[in-house]
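The chain contents come next:
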Amino acid sequence: EVQLQASGGGLVQAGGSLRLSCVASGFSFNTYSMSWWRQGPGKEREGVSCINSVDGRTHYSDARFSTSIDSSKTTSYLQMDSLEPGDTAVYYCAAGKGRCGDPTYTDYWGRGTLVTVSS
């Protein structure tokens, strides 16, 4: 069974940092692109980051964020620095066989973890 378990969310003050984790299982982790998405209150889901399965190149929606993987732990990380109240959202991890941006790069979704940034 494919599973993507996100964790690491919580309450943080503006200017602080968080690192989210997504533990993957049930598929060939090293051949999949891993991406992070978020959905804030009253907003649509938007892409945050992606790391390509083919070349490991990363893509970000914001310079304050970065993503990495630990293959030995089949885990994807999203590092978030200089957080702002506007970053408050449920953050989701996703996985797919395609490159970032391909139709198949979000084949699987996790349930997400809540990040709340206070003023």
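Residues numbered from 1 in each chain as written. Predicted model: local features only at pLDDT ≥ 70, side-chain atom pairs only at ≥ 80, totals over all residues. Heavy atoms only, no water.

Right, let's get into the packing of aromatic side chains. Here a ring pair, both rings aromatic, is described through the centre-centre distance and the interplanar angle of the planes. Under the criterion given, the structure shown has five aromatic pairs. Taking the centre distance of 4.6 Å and the plane angle of 50° together, the rings of Phe 27 and Tyr 32 count as tilted. Note on Tyr 32: relative accessible area 11%, which makes it buried. Each member of the aromatic cluster is reached from another via a ring pair, and the members are Phe 27, Tyr 32 and Tyr 108. Over the aromatic face of Trp 109 sits the side chain of Arg 45, whose NZ or CZ is 4.5 Å from the ring centroid. (Phe/Tyr/Trp six-rings, centres within 6.5 Å; stacked < 30°, edge-to-face > 60°. Buried < 20%, exposed > 50% of the residue type's maximum accessible area, 1.4 Å probe, protein only. Lys NZ or Arg CZ within 6 Å of the ring centre and 35° of its normal.)

Attention now goes to the nonpolar core. Grouped together as the largest cluster of nonpolar side chains are 24 residues, with contacts concentrated most on Leu 4, Phe 27, Met 34, Trp 36, Leu 78, Met 80 and Tyr 91. Only strand E1 (3–7), strand E3 (18–25), strand E4 (33–39), strand E5 (46–51), strand E8 (75–80), strand E9 (89–96) and strand E11 (113–118) provide two or more residues apiece to this core. Other than its neighbours up to four places away in sequence, Tyr 91 contacts Ala 6, Leu 20, Trp 36, Trp 37, Arg 38, Val 48, Phe 65, Leu 78, Met 80, Gly 112, Thr 113 and Val 115. (Core = buried A, V, L, I, M, F, W, Y, C linked by side-chain atoms within 4.5 Å. Helix = DSSP H or I, 4+ residues; strand = E, 2+ residues; numbered from the N terminus. Contact = heavy atoms within 4.5 Å.)

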